[in-house]
Amino acid sequence: MSRTVIEETNLKFKTALPDRTVTSEIIIHHIGPMGGMDRNKIGAPEIHQWHLEKGWAGIAYHYVIKTDGTIQRGRPRVKKGAHALKGYNSHALGINVVGDFDTMVPSTAQVDALERLLADLVDIYSFKDLDKTILGHREVNDTQCPGTNLQAMLPAVRAKVKTLLGISNEGPGKS
């Protein structure tokens, strides 16, 4: 059952993107320090342009969640990402929640959209242990991403995803 509406962006990539044949994690990211940019005006097309300007194939993430809770497509879900090092791109989806969550917290709409998107992805990939499959970027790489505030919210996000899926939150959280 789909809990989300994904806004298709139809982004054009500089090179062909390789397929991802295994999906074992979802990694949560944020924009980070924004240098005075209006976070309400940032979405997948803007991030795509920034990544193209870095010489990349295009946007590194599979999904972007804007401040109003709109979920936008970045890379196609079946393609490898470019959002995490140490081999994670070959088997992990990347979700970017727009904002600097060291200095602010995600909007209620963003958190709700993240929880619904995660529930849909957990359904698609049949993940069982959400504590090991829904991760903040800092859990897999040496970074402060997804910011202190969003990272601190991830246990509650995982719990809400379990509720959306009808999984018990009792016990060690290893449903």
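Residues numbered from 1 in each chain as written. Predicted model: local features only at pLDDT ≥ 70, side-chain atom pairs only at ≥ 80, totals over all residues. Heavy atoms only, no water.

Caption draft 1: Expanded view of the packing of helix α2 (residues 108–125) against helix α4 (residues 148–165). Packing of α2 against α4 leaves a shortest axis separation of 9 Å and a crossing angle of 55 degrees. Taken together, the axes of α2 and α4 lie oblique to each other. Regarding α2 and α4, the two cross each other, and that crossing is right-handed. Contacts between α2 and α4 involve V111, L114, E115, R116, L118, A119, V122 and D123 from the first element and L150, M153, A156, V157, K160, V161, L164 and L165 from the second. (Axes fitted to C-alpha atoms, helices over the stretch in contact; angles between N-to-C directions. Helix = DSSP H or I, 4+ residues; strand = E, 2+ residues; numbered from the N terminus. Parallel < 35°, antiparallel > 145°, perpendicular 65-115°, else oblique. Left-handed = near helix turned anticlockwise from the far one by under 90°. Contact = heavy atoms within 4.5 Å.)

Caption draft 2: Spatial organisation of helix α1 (residues 44–53). Taken together, the buried positions of α1 are occupied by A44, I47, H48 and H51. Within α1, the buried residues cover an arc of 105 degrees as seen down the axis, which keeps them to one side. Those residues of α1 that are buried lie in contact with β3 (63–65), β4 (71–73) and β5 (92–97). Within two residues after α1, G55 carries a phi angle of roughly 90 degrees, on the positive side. (Buried < 20%, exposed > 50% of the residue type's maximum accessible area, 1.4 Å probe, protein only. Arc of directions from axis to C-beta.)

Caption draft 3: Up close: the side chain of T133. Relative to the helices and strands, T133 resides in helix α3 (residues 130–133). In this structure the side chain of T133 is engaged in a polar contact, spanning 3.0 Å, whose partner is the backbone oxygen of D129. Residue contacts for T133: discarding those within four places in its chain leaves S24, E25, I26 and F127. (Polar contact = N/O pair within 3.5 Å; in protein donor to acceptor, adjacent residues only side chain to side chain.)

Caption draft 4: Structural detail: the packing of aromatic side chains. If you walk through the whole model with that rule in mind, you get one aromatic pair. For the ring pair Y125 and F127, a centre distance of 5.8 Å and an interplane angle of 20 degrees mean the geometry is stacked. For F127, a relative accessible area of 9% corresponds to the buried category. (Phe/Tyr/Trp six-rings, centres within 6.5 Å; stacked < 30°, edge-to-face > 60°.)

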